Amino acid sequence: MATKETRRIRIKKSVRSKVSGTAERPRLTVFRSNKQIYAQVIDDTAGKTLAAASSLKLTDKAPKKEIAAKVGEIIAKNAQEAGIQTVVFDRNGYLYHGRIKELADAARNGGLKF
């Protein structure tokens with residue numbers, strides 16, 4: 001019987017076999033823990049992180065969805081400062097729902113195209 005985590009890792013491998021970031025169109029990946037949410041823009045060909053944002057530096061108390069939306073805005077701003085306009089979204093095996101969707105929508109509203 002597969003646990004939630006092993007199921008997510010299996011889905012992640014399937015998604016990662018299809019999604020890869022290039023210098024022109026890097027990969028926006030999301031990691032969600034129970035308390036925090038992290039986002040990175042990665043160029044897979046060079047193996048470099050081009051921009052990053054997380055909820056670790058946010059000090060205000062808010063619901064997790066609102067914090068995810070703030071991280072989405074921050075990653076969009078950081079990516080545009082690095083000269084990135086379009087990305088490939090990697091949901092990292094998570095369902096496109098809840099915090100992941102909020103982060104993606106906020107990044108789109110912040111100016112990233114995917």
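Note that the coordinates shown come from a computational prediction; the quantities given were computed from them, not determined experimentally.

In terms of nonpolar packing, the biggest core is built from 21 residues, with Leu28, Val41, Ile75, Leu103 and Leu112 touching the most fellow members. Listed by contribution, the elements that provide at least two residues to this core are strand S1 (27-32), strand S2 (37-43), strand S3 (48-54), helix H2 (64-81) and helix H3 (99-109). By residue number, the principal contributor to this core is H2, which donates five residues. Filtering out sequence-adjacent residues up to four positions away, Ile75 remains in contact with Leu28, Ala39, Gln40, Val41, Ala51, Ala52, Ala53 and Ala107.

The predicted model of the protein averages 94 in pLDDT, with 99% of residues at 70 or higher. H3 holds the highest mean pLDDT among the elements of the protein, 98, whereas helix H1 (residues 4-18) holds the lowest, 92.

All right, on to the sheet that holds S1 then. The four strands are arranged S3-S2-S1-S4 in an open sheet whose pairing can be described as mixed. Two strands bound the open sheet, and with one partner strand each, they are S3 and strand S4 (88-90). Strand after strand, the sheet turns through a mean of 20° between neighbouring axes, direction not considered. The pairing of S1 with S2 spans six bridges and is antiparallel. The partner of Thr29 across the bridge, within S2, is Gln40. Sheet contacts for H3: S1, S2 and S4; angle to S1, the most-contacted strand, approximately 145°.

On to the pairing of S3, then. Two strands pair when backbone bridges link them, and S2 and S3 are joined in this way by six bridges, in the antiparallel orientation. Following the sheet pairing, Gln40 is matched in S3 by Ala52. Hairpin connection from S2 to S3: four residues lie between these consecutive antiparallel strands, with Gly47 at a positive phi of about 70°.

Next up on the list: the side chain of Arg99. By the element assignment, Arg99 lies in helix H3. Buried within the structure, Arg99 lacks any salt-bridge partner; its nearest side chain of opposite charge belongs to Glu102, at an N-O separation of 11 Å. Among the polar contacts made by the side chain of Arg99, one reaches the main-chain carbonyl oxygen of Ser33 at a distance of 3.1 Å.

Attention shifts here to the pairing of S1. Linking S1 back to S2 in an antiparallel pair, the connection comprises four residues. Bridge count between S1 and S4: three bridges; the pairing is parallel. Note on S4: the bridge partner recorded for Thr29 is Asp90.

Moving on to the layout of surface pockets. Empty space within the largest pocket amounts to approximately 320 Å³. Lining the largest pocket are Lys4, Glu5, Arg7, Arg8, Arg32, Ser33, Asn34, Gly93, Tyr94, Leu95, His97 and Arg99. If you tally residues by element for the lining of the largest pocket, the top one is H1, at four residues. When its residues are assigned to classes, the lining of the largest pocket shows two nonpolar, four polar and six charged. Taken as a whole, the second largest pocket encloses approximately 200 Å³ of empty space. Taken together, 13 residues line the second largest pocket, and the ones lying closest to its centre are Lys35, Gln36, Asp60, Ala62 and Ile67. In terms of residue count, the dominant contributor to the lining of the second largest pocket is H2 (three residues).

Reading guide: rules and limits
Residues numbered from 1 in each chain as written. Predicted model: local features only at pLDDT ≥ 70, side-chain atom pairs only at ≥ 80, totals over all residues. Heavy atoms only, no water. Core = buried A, V, L, I, M, F, W, Y, C linked by side-chain atoms within 4.5 Å. Buried < 20%, exposed > 50% of the residue type's maximum accessible area, 1.4 Å probe, protein only. Helix = DSSP H or I, 4+ residues; strand = E, 2+ residues; numbered from the N terminus. Contact = heavy atoms within 4.5 Å. pLDDT = per-residue confidence, 0-100. Pairing = 2+ DSSP bridges. Axes fitted to C-alpha atoms, helices over the stretch in contact; angles between N-to-C directions. Lys, Arg positive; Asp, Glu negative; His and termini not counted. Salt bridge = Lys/Arg side-chain N within 4 Å of Asp/Glu carboxyl O. Polar contact = N/O pair within 3.5 Å; in protein donor to acceptor, adjacent residues only side chain to side chain. 1 Å grid on protein atoms, 1.4 Å probe; cavity = no way out; pocket = protein on both sides within 12 Å on 5 of 7 lines; lining within 4 Å. Points joined across faces, edges and corners; volume = space filled by probe spheres on them. Nonpolar A, V, L, I, M, F, W, Y, C, P; charged D, E, K, R; others polar.

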